[in-house]
Amino acid sequence: MDPELKNELSRQGIFTTTLEELYNWGRKSSVWPLTFGLACCAIEMIATTMARYDLARFGAEIFRPSPRQADLMIVAGTVTKKMAPQVVRLYNQMPEPKYVIAMGACAISGGPFKQGYNVLKGIDRYIPVDVHIPGCPPRPEALMDAFITLQKKIATQHLTGVDRPRHLNPDAPSEFIVPEFGAHDLEPPKNLKLWHITSNSSPKIPSTADNNEPGKD
Amino acid sequence: MLGEGIAKGLVETARNFFGSYFTKDRLTTVQYPEERLPQFEAARNFPFLVYDGGDWQAGLRCVGCQICEKECPPKCIYIEKSKDKKPDAVGKLQFYPAVFNIDVSVCMSCQICVEVCPFEAIKMDTEFELSTDDRFGGLLWDKAQLAKSNEHYRKIHPTEAAEVDARLAEEKAKVDAKVKAAAENKTTPTSPGAVQPGSGASSTQ
Amino acid sequence: MVETADQLFVILQHWLVGHAPASLRSILSVLLPVIAILVVFGLLFAITTILERKGLGRIQNRYGPNRTGPFGVLQPIADAIKSLTKEDVVPQAADKIVHFLAPVVLVLAAFSIYAVMPVGRNMVLANLDAGVLYFFAVSSVMELTIFMAGWSSRNKYSLLGAMRAIAQMISYEVPLILASITVIMAAGSMSTVTIVEKQAGFTGILPHWFVFTPWGFAGFILFMIAATAESNRSPFDLPEGESEIIAGYYIEYSGFKFALFFLGEYLGMFAISGLGITLFLGGWSAPLSFLTWLPSYLWFFAKLLAMIVVFIWIRGTLPRMRTDQLMNFAWKFMLPMTLLNLVTAGVWRFLPGGLLRWLVCSFLVVVPYVLLGRGLMQGWKLEKRVYRFAE
Amino acid sequence: MEMIAPEDQRTAQSAATAKSEDALLDISLGPHHPSTHGVFRMDVVLDGERVVKLKPVFGYLHRNHEKIAESVSYLASMPYTDRLDYMCSLTNNWAYALTVEKLAGIQVPERAEYIRVITAELTRLQNHASTIGFLMQEMGASGTPLMYAFREREIILDLFESLTGSRMMSNYMRFGGCRVDLPYGWLKQTEKVVAEFPRFLDEFERLLSSNEILLARTQGVGVLSKKLAIQGGITGPMLRASGVNYDIRKVDKYGIYDRFDFRVPIGEHGDVYDRFMIRLLEMRESLKILTQALRDITAGPIMDTKTKIRGFRPKAGEAYGRIESPKGELGFFLISDGSPQPYRYRVRPPSLINLTVLEDMCLGASVADTVVIFGTVDIVLGEVDR
Amino acid sequence: MNLEKIKSDIEAAVPGCNVQIVVNGSPSGQHSLLLERQHVFEIAKFLQDDSELHLDYCSNVTGVDWLDTETSEKVKVQRLVDGVEQEVEEIRKTRSPGYLEAVYHLYSMEKKHGPLVLRQRTENRTDQINLPSLTPIWRSAEFQEREIFDLYGIIFEGHPDLRRILMWDEFEDHPMRKDYIEPNDYEYEPTPHDAVLEKSMQH
Amino acid sequence: MNTIFIDIYRPIAILMIAAVCFAISPLVMAWVWSKKFSPRKPGPVKNATYECGLESKGAALIHFKPEYYLYAIVFLIFDVEAIFLLPFAVAFSGLSVGASIAMLIFLLLLVEGLIWTWQKGVLTWV
Amino acid sequence: MLFTIFATITVAGAVAAMSLRNLVHSVLALTLAFAGLAVVYLQLGAQFIGLAQILVYVGAVAILIVFAILLTRDAEATPKFIVDRSWKSSGAVAIASFGVLAWAIHHSAASRHAVPPQPEATMQQIGNGLMMRFALPLEIIGLLLTAALIGAVTIAIHEKQETR
Amino acid sequence: MTSLASCLLLSALLFSIGLAGALIRRNAILVLIGIELMLNAANLNFIAFWRYGPNPEALTGMMFVIFSIGVAAAEAAVGLALIISLYRYIKTADIDEVNSMRG
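Residues numbered from 1 in each chain as written. Chains lettered and ligands numbered in written order. Predicted model: local features only at pLDDT ≥ 70, side-chain atom pairs only at ≥ 80, totals over all residues. Heavy atoms only, no water.

1. Concerning unusual backbone geometry
Excluding glycine, most residues fall at negative phi; most peptide bonds, likewise, are trans. That bond from Glu96(A) to Pro97(A) is cis: its omega, -10 degrees, falls within 30 degrees of zero. Its identity as a non-glycine residue notwithstanding, Gln66(B) has a phi of 70 degrees, on the positive side. Its location among the elements puts Gln66(B) in the loop between α2 (56–59) and α3 (67–71). (Helix = DSSP H or I, 4+ residues; strand = E, 2+ residues; numbered from the N terminus.)

Written out as structure tokens, the structure reads:
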């Protein structure tokens with residue numbers, strides 16, 4: 001709906017919430033995270049729910065210990081290769097719609113521990129991530145910012161149409177391959193359906209172009 | 001006696017419950033998006049590059065010496081040194097970073113780059129609202145995103161920035177004096193040929 | 001005027017029924033209160049969830065949900081919408097039919113209890129002669145549904161939780177019934193309405209509630225402890241002991257089925273609080289004689305809310321007990337105390353009124369409490385300790 | 001999809017054979033479990049609800065800290081130590097700095113020592129507070145004690161942030177001192193916090209320490225005998241709760257701890273309640289130290305001027321340094337070959353070694369107790385698995 | 001604690017044993033005793049039980065990997081033993097087999113002294129990598145020795161439960177060894193570096 | 001006779017039917033929603049039994065200790081006792097001392113059983 | 001009409017209880033049968049009995065059986081043969097007994113009485129009756145319950161000590 | 001249509017189902033369930049005869065059922081205890097196997 005028109009209507013006191021908006025409002029106002037802490041960021045995640053920051057204000061204090069009742073997986077901390085299958089399995093066991101916040105550098109890319117042999121270089125190799133929040137660890141406010149970003153993202157999702165989110169699309173997968181432990185590494189080391197970056201064969205060239213290059217001739 | 005300790009505990013929680021309506025101590029929540037805690041001066045999150053003056057390309061203090069790149073523990077900085085030189089903050093001709101990327105998805109906010117930088121060029125920002133759904137584009141910051149004015153630096157770390165400014169001014173004075181002395185000795189400037197005509201440094205200044 | 005306000009809903013019901021076609025009248029006269037029960041207690045559930053979250057928040061020095069709608073009051077609706085649209089996952093290994101039936105039967109049993117709940121003067125759905133027995137009979141079905149939920153999920157934690165739940169609920173059911181029997185003895189009836197009416201009088205300004213007798217007071221305390229355990233509330237929330245067995249018997253439930261468990265649990269809590277109010281706190285009657293002008297149902301719901309607040313308060317304070325302590329407490333403290341209380345209630349009747357009766361009965365209640373309490377504390381070797389320090 | 005490790009298969013088989021006899025249930029608590037402090041896992045064999053066997057499974061947070069540290073410079077390991085025991089990064093910093101100082105023979109200025117003591121004791125305060133909070137959470141106390149603990153922790157974290165710039169990952173200490181001097185007004189603020197902290201302790205004690213349910217849940221549970229504690233190399237409050245008087249602050253007198261007058265609380269029974277109370281009492285002693293340190297702190301430099309930050313190359317050799325971190329003896333063992341990177345970098349993690357006796361403490365306890373006993377060990381996975 | 005005295009005490013208590021003092025060149029002055037594997041158990045028992053030493057607490061167990069190439073580290077340690085004889089050391093440099101080492105730091109909780117550093121060395125890095133376990137004497141070594149087994153591959157004989165501890169059981173390598181090659185999963189590296197690149201190139 | 005039966009229990013029956021509808025209607029709504037918009041996507045991992053993120057091993061057939069059963073016995077006996085106590089309690093206000101003593105004896109008999117079980121250690125959860 | 005419905009539920013529950021393979025399902029079906037029977041009691045005007053039936057049978061006996069099932073673990077793993085080897089003859093006996101009973105009911109004179117009005121059976125009456133006329137049986141049942149408690153516990157506790 | 005006859009018929013049906021179950025099923029617990037059903041059938045008879053009998057005021061039938069419930073409970077407790085006891089010894093609740101083991 002046209003936002004101006006909506007404003008006009010709501011100013012006139014007319015209740016104009018469409019089904020889609022109601023649905024999105026319900027989803028975004030009641031996001032129950034999975035009790036799921038991995039490492040350092042988990043403490044900041046806990047701090048976010050504590051009195052000073054109080055994530056509960058957004059209706060998200062019900063940290064559900066069982067994935068069946070959770071909506072949001074906050075991957076808070078380093079995902080090691082030993083833990084990765086469990087993370088993916090937990091994600092798979094969550095019912096749709098489900099969201100993932102990759103909290104902190106480790107969850108996004110392996111972060112400072114990226115060079116470790118047992119550290120997964122980013123959880124988005126295995127599961128789709130909705131919001132990334134960098135930081136090591138991100139402040140509680142930053143996590144709340146990520147949460148608000150997620151809420152905004154949910155609010156703009158469409159119920160029908162081609163751009164509808166994954167959980168409304170019957171063809172989109174809802175569970176992803178769970179890696180297995182191999183002799184040297186995880187098998188497979190990444191989910192190729194999700195991981196779109198091809199191996200940067202010439203790593204000296206950054207993957208994003210620098211626009212404002214003063215010295216480039 | 002059975003129940004006494006429980007009663008004590010109940011009194012304690014009740015006191016907190018009612019206290020939450022009266023004292024700030026018992027209601028510590030800061031309602032984040034609207035209310036914010038004041039940032040501490042020392043607070044740090046991710047690095048940024050300081051530039052002087054109005055133009056970020058010209059005023060960038062960084063000389064591309066790659067010390068921070070080497071010292072960065074998680075190796076999240078990527079620098080390509082320029083081939084040419086341009087005058088730096090104190091007016092000395094220096095190299096500058098042709099490419100300066102920081103992968104904030106790796107950065108551990110340890111501030112070591114700031115410590116090791118001899119040019120006061122890289123400082124820690126306090127911005128933390130960086131959540132994005134763009135993993136590959138949104139979290140690799142290039143020079144343009146990293147460059148922030150000295151005024152910004154002064155705003156977030158006033159005490160530290162004042163010290164830095166004083167030190168730089170001193171150095172600049174020293175260099176100026178030297179240049180002056182040199183100019184008195186020789187009429188030609190030190191190395192004007194190094195500045196290429198097409199480079200951003202000379203054209204924008 | 002006072003009378004009209006008191007009987008407002010009864011009059012409304014009659015008026016509505018009177019305007020309905022004759023063929024529908026009989027059914028409508030039942031359907032209206034039934035719908036009222038569903039709506040009122042359904043709403044109360046919603047209110048309680050938000051009340052609990054905000055109340056716990058305040059206890060914990062924070063706000064609690066306050067963004068969804070004004071002051072966060074729309075939070076339950078958002079939760080409901082979310083739960084409704086959530087995918088329903090039934091584990092492969094689960095016993096699908098029982099898995100489906102468990103929450104439904106739980107809600108069914110929980111709502112059925114309200115049939116005998118007098119929420120106001122002339123406001124009871126069915127005034128059964130054996131009303132209290134009906135209450136216990138129906139609530140005993142809830143134990144079975146919890147077992148169904150835990151067993152059908154085929155999950156180790158859930159089965160562990162279900163067994164804990166049953167063991168706990170059966171252990172506390174006996175004290176619960178025995179504590180209620182004292183009131184039945186005094187009231188001479190099992191009809192909930194009669195019991196409330198027996199407590200309607202006043203001495204001075206104080207009401208004739210059963211809680212204001214030695215055995216009634218002890219019975220009320222015992223009843224409330226047992227009620228907390230029956231409704232699986234903290235500190236007796238072992239069946240869903242989050243820190244131990246993750247989510248207990250409903251670990252495998254998602255979507256609205258999970259919400260139904262929440263609903264059933266809260267309804268059970270309201271019901272048992274309602275029974276406690278009916279039995280000990282004078283049901284719908286006013287607490288002080290000069291307050292009788294307020295409508296009776298208001299008093300009932302005020303008392304119910306007070307009970308809920310106490311439940312929330314306790315939850316916000318106490319850590320959870322352990323299975324063995326819980327069971328020992330039930331059988332070694334609650335059961336003897338309720339039995340003694342039963343005898344006390346008998347003695348109360350046969351003694352002449354006056355101070356002597358009070359003294360004797362108080363003695364009968366307090367002394368065993370002190371002895372048993374001491375004994376239990378010593379049996380568990382609980383003590384405050386003094387520590388030494390090394391320099 | 002077959003993911004059962006051979007060892008698991010073995011235990012599964014042995015449990016299966018045992019099952020036919022005694023009908024045991026093997027259940028795993030973790031890696032995703034609300035009260036395993038992250039990703040710890042306990043493979044528990046239950047007889048009814050009694051634990052008959054408990055095998056801790058580690059490695060779910062093995063982040064290769066030691067390997068990474070061996071490939072980066074001495075200085076670059078400092079921020080990594082923050083992430084070891086991420087509840088108390090400042091003591092980790094200190095332990096590492098202390099070891100490098102031993103290795104290279106660096107002297108620390110007096111003011112820096114004071115700052116180290118102050119920050120370390122503040123760290124101890126917030127760590128113990130949150131440990132007790134988490135312990136209560138594991139006992140099922142709906143978050144209230146944890147919230148109170150974190151309320152106080154936030155106040156201390158504010159101090160840390162205003163000093164070091166970060167709430168948790170301080171990266172504050174350097175070989176031969178500290179990174180920055182105390183900001184203006186910090187000492188005053190700290191004094192205020194220290195003066196007000198006892199209020200929280202009193203509140204906590206009123207809320208909990210005489211609560212019958214807590215007494216019942218903790219007294220006589222998870223008893224750790226003095227002998228076993230020494231045998232198992234247990235350190236920290238857990239050791240002292242078992243009746244051993246061993247506090248590295250007193251034994252090694254590292255830093256300037258010999259200047260302060262404080263006592264070491266010693267438990268008698270070695271059960272969960274003792275461990276709980278020892279932590280509470282230690283917080284009071286920490287406050288004493290803090291009061292003295294804040295009173296006595298001297299002006300002066302905060303860094304040893306001879307020490308280089310960049311290009312730091314200690315002589316070849318090795319050193320083992322240890323401090324009393326809130327969780328126990330935190331040691332670092334460094335072997336230098338003269339290059340800018342340590343040849344061997346080893347962390348002696350108190351959390352891991354305190355878990356040695358976990359099974360002994362938990363045998364015969366119920367699942368609920370197991371969780372609580374585990375809570376009193378006070379581990380942080382970052383340190384256990386590194 | 002006087003290391004020489006301890007050495008002589010040990011040699012008196014455990015006849016026939018051969019204990020060397022390994023001198024530490026750093027200012028820390030923590031010199032260590034190198035034990036040979038036949039008598040380790042008796043020596044450890046003696047250290048624990050001796051009324052004067054009473055080293056009842058094994059604080060730290062460390063695995064160290066010394067490569068068998070002609071590394072300067074190895075030689076430097078040797079040089080410090082020999083002091084000034086640098087020419088002799090050059091000759092020795094031609095063949096210096098690597099070995100794995102386990103370092104124990106012992107303290108006494110009773111007497112409050114320490115540390116005493118013990119070392120055990122394997123014969124080489126490939127096949128003869130067994131060492132006697134000290135877990136039966138100091139239980140605190142249990143997880144640490146398991147960790148060394150996991151990360152360095154030293155097989156501790158007599159350890160009650162020698163399994164991998166940090167890595168998964170299917171894992172075959174010993175990642176803390178100096179010659180371990182990490183799996184190549186640096187497909188995405190926005191800030192590529194020499195060290196990282198090298199690692200990638202190794203595959 | 002049916003009329004009396006219907007009069008008494010019809011409200012309860014309607015309440016029960018309404019309660020079932022109350023419980024099932026959201027489930028039906030959820031089902032309709034899933035049909036219309038958000039398809040259910042079962043899968044082998046998603047529908048596997050949850051076990052702390054690990055693959056579930058072994059069947060969830062927990063063999064419980066006999067304690068549970070002992071408690072159940074005691075509970076059953078006291079439950080039945082309550083059945084006898086309830087009519088007594090209703091009639092209590094009109095009863096003589098003798099009848100009350102009869103009930104007391106009945107109670108004492110059961111209390112004796114309780115004490116016996118207590119001493120046997122049945123009531124001690126292990 | 002209503003009677004037929006509840007009778008059908010009861011019989012269906014009973015049949016299901018006796019024929020389902022899974023024992024827990026059997027118990028759940030059994031509770032259904034008990035509940036149906038309780039409704040029949042209510043219908044016959046015996047409110048107290050009907051509710052007591054639910055309280056005791058659904059609330060307690062069913063739980064007891066569930067515990068027993070879970071204690072005898074292999075019972076839950078459904079065996080291949082759930083019926084006796086001599087099921088044919090046993091079934092015949094059952095059918096025959098039903099035939100005889102049905103025949104007797106059909107031909108009994110009792111069933112041709114006029115239906116008397118609903119008798120009064122208030123709790124008050126039951127209580128008075130129990131305490132006056134049936135005081136002795138009450139004591140005896142008390143004794144029986146105590147004996148059953150002690151007996152059952154003795155049988156079960158024997159095991160308990162053995163397993164220790 | 002409710003009448004004594006239909007009550008009795010229901011009772012007979014329940015009794016036969018219980019009997020059939022008790023005879024046919026192999027599991028001892030189910031046998032006990034069958035017996036429990038038969039007891040209930042008897043209870044139903046008592047209630048039916050009390051309701052339709054000549055002297056309902058006496059409450060005899062009802063009292064009988066109250067006591068019968070008590071007896072049934074006691075029976076169930078002891079019976080199941082026996083089954084559990086048996087199971088403990090010979091690890092089966094299967095009556096056939098119990099028989100075969102006894103020879």
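2. With respect to the interface of chain E and chain D
A common way to state how big an interface is: give the accessible area lost once the parts meet. Counting residues at the interface gives 51 residues for chain E, matched by 52 residues for chain D. Overall, the association of chain E and chain D removes approximately 4,300 Å² of surface from exposure, summing both partners, and the carbon and sulfur fraction of that is 53%. It is Met109(E), Arg139(E) and Phe143(E) that lose the most area in chain E upon contact with chain D, and together they represent 16% of the buried surface on that side. For the pair chain E and chain D, the interface holds five salt bridges. The shortest N-O distance in the salt bridge between Arg139(E) and Asp360(D) comes to 2.9 Å. Summed over the shared surface of chain E and chain D, the result is 30 residue pairs in polar contact (both at pLDDT 80 or more). Looking at the side of chain E that touches chain D, the elements that each hand over two or more residues are β3 (57–66), α3 (72–82), β4 (99–107), β5 (116–121) and α5 (141–152) of chain E. Per-element tally for the side of chain E that touches chain D: the top contributor is β3(E), with nine residues. In the side of chain E that touches chain D, the residues fall into 22 nonpolar, 14 polar and 15 charged. (Contact = heavy atoms within 4.5 Å. Buried area = accessible area lost by both parts, 1.4 Å probe. Salt bridge = Lys/Arg side-chain N within 4 Å of Asp/Glu carboxyl O. Polar contact = N/O pair within 3.5 Å; in protein donor to acceptor, adjacent residues only side chain to side chain. Nonpolar A, V, L, I, M, F, W, Y, C, P; charged D, E, K, R; others polar.)

3. Some details on a nonpolar patch on the surface
All names here are of chain C. A cluster of nonpolar side chains, Leu31, Ile35, Val39, Leu43, Ile47, Leu51, Leu305 and Val309, forms an exposed patch at the surface whose accessible area comes to about 630 Å². For the nonpolar patch, the secondary structure elements donating two or more residues are α3 (22–59) and α12 (296–317). The element contributing the most residues to the nonpolar patch is α3, with six residues. In this structure, Leu51 sits in helix α3. Its relative accessible area of 33% is what places Leu51 among the partly exposed residues. (Patch = residues over 30% accessible without salt bridge, like charges linked within 9 Å, V, L, I, M, F, W, Y side chains within 5 Å. Areas by Shrake-Rupley, 256 points an atom, 1.4 Å probe, with all protein chains shown as cover. Buried < 20%, exposed > 50% of the residue type's maximum accessible area, 1.4 Å probe, protein only.)

4. Brief notes about the interface of chain G and chain H
Across the contact, 83 residues belong to chain G and 70 residues belong to chain H. Interface of chain G and chain H: buried area, both sides summed, is about 6,700 Å²; carbon and sulfur atoms make up 77% of it. When residues of chain G are sorted by the area they lose upon contact with chain H, Phe3(G), Met18(G) and Leu44(G) head the list and together hold 11% of the total. Counting across the chain G and chain H interface gives zero salt bridges. Among the secondary structure elements, those contributing two or more residues to the side of chain G that touches chain H are α1 (2–19), α2 (23–43), α3 (47–71), α4 (87–107), α5 (123–131) and α6 (135–163) of chain G. The residue inventory of the side of chain G that touches chain H, partitioned by class, reads 57 nonpolar, 17 polar and nine charged.

5. With respect to the pairing of strand β8 (residues 328–336) of chain D
Along any regular strand, the residues point their side chains to alternate faces of the sheet. All names here are of chain D. Of all nine residues in β8, nine are buried, a share of seventy percent or more. In this sheet, β8 lies alongside strand β7 (residues 317–325) in antiparallel orientation, the contact comprising nine bridges. Of the residues in β8, the one forming a bridge with Ser325 is Gly328. A loop of two residues connects β7 with β8, the two strands running antiparallel in sequence. (Pairing = 2+ DSSP bridges.)

6. Some remarks on the pattern of salt bridges
All names here are of chain B. Scanning all chains against the criterion turns up 81 salt bridges over all chains. Arg15 is the partner of Glu12 in a salt bridge, and the nearest nitrogen-oxygen pair spans 3.7 Å. Within this pair, Glu12 and its partner Arg15 are both found in helix α1 (residues 4–19), separated by three residues, close to a single helical turn. In this structure Glu12 comes out as buried when scored by relative accessible area, which is 0%. Residue Arg15 is classed as partly exposed on the basis of its relative accessible area, which comes to 39%.

7. Some details on the nonpolar core
Counting residues in hydrophobic clusters, the biggest one holds 548 residues, and the most contacted among them are Met73(A), Leu47(E) and Tyr69(F). Non-local contacts of Tyr69(F), meaning those with residues more than four positions away in its chain, are made with Leu64(G), Phe67(G), Ala68(G), Leu71(G), Ala156(G), Ala76(H), Ala77(H), Leu80(H), Ala81(H) and Ile84(H). Grouped together as the second largest cluster of nonpolar side chains are 27 residues, Phe63(A), Leu72(A), Ala146(A) and Tyr32(B) included. (Core = buried A, V, L, I, M, F, W, Y, C linked by side-chain atoms within 4.5 Å.)

8. Some details on the environment of Ile251(C)
All names here are of chain C. Of note, Ile251 is situated in the loop between α10 (242–245) and α11 (255–280). On the accessibility criterion, Ile251 (0% relative accessible area) is buried. With 107 residues separating them in the primary sequence, Ile251 and Leu144 have C-alpha atoms 17 Å apart.

9. Examining the environment of Tyr253(C)
Mapped onto the elements, Tyr253(C) comes out in the loop between α10 and α11. Using a relative accessible area of 0% as the deciding quantity, one classes Tyr253(C) as buried. Along the chain, Tyr253(C) and Trp209(C) lie 44 residues apart, while their C-alpha atoms are 42 Å from each other. The contacts of Tyr253(C), once residues within four sequence positions are left out, are Arg68(A), Gln69(A), Val98(C), His99(C), Ala102(C), Pro103(C), Ala149(C), Ser152(C), Ser153(C), Phe258(C) and Phe261(C).

10. A look at the sheet that holds strand β3 (residues 131–133) of chain A
Residue and element names in this part refer to chain A. What the three strands build is an open sheet, ordered β1-β2-β3; its pairing is parallel. Each end of this open sheet is capped by a strand with a single partner; those strands are β1 (72–76) and β3. Shown here is a sheet whose adjacent strand axes are inclined to one another by a mean of 15 degrees, direction ignored. Direction of pairing for strand β2 (residues 99–103) relative to β3: parallel, over a ladder of three bridges. Each bridged residue has a counterpart across the sheet, and for Ala102 the counterpart in β3 is His132. The strands touched by helix α6 (residues 140–155) within the sheet are β1, β2 and β3, with β2 carrying the most contacts at an inclination of about 150 degrees. (Axes fitted to C-alpha atoms, helices over the stretch in contact; angles between N-to-C directions.)

11. Some points on the pairing of strand β1 (residues 25–29) of chain D
Residues and elements named next belong to chain D. Counting buried residues in β1 gives five out of five residues, a clear majority hidden from the surface. Across the two faces of β1 the burial is the same, with Leu25, Ile27 and Leu29 and Asp26 and Ser28 all buried. Across five bridges, the pairing between β1 and strand β2 (residues 41–47) is antiparallel. When the sheet's bridge partners are listed, Ser28 is paired in β2 with Asp43.

12. Notes on the confidence of the model for chain F
Counting all residues, the mean pLDDT for chain F is 81, and 87% of those residues have values of 70 or more. Per-element confidence in chain F is highest for helix α3 (residues 97–120) of chain F, whose mean pLDDT is 85, and lowest for helix α1 (residues 2–36) of chain F, whose mean pLDDT is 83. (pLDDT = per-residue confidence, 0-100.)

13. So, the packing of helix α5 (residues 110–138) of chain D against helix α6 (residues 144–164) of chain D
Residues and elements named next belong to chain D. The interhelical angle for the contact between α5 and α6, taken along N-to-C directions, is 155 degrees, at an axis separation of 8 Å. Classed by the angle they form, the pair α5 and α6 counts as roughly antiparallel. As for the relative orientation of α5 and α6, their crossing is left-handed in sense. On α6, the residues touching Thr119, Leu122, Thr123, Leu125, Gln126, Ala129, Ser130, Gly133, Phe134, Met136 and Gln137 of α5 are Pro145, Leu146, Ala149, Phe150, Arg153, Ile156, Leu159, Phe160 and Leu163. The residue makeup of the contact of α5 with α6, split by class, is 13 nonpolar, six polar and one charged. (Parallel < 35°, antiparallel > 145°, perpendicular 65-115°, else oblique. Left-handed = near helix turned anticlockwise from the far one by under 90°.)

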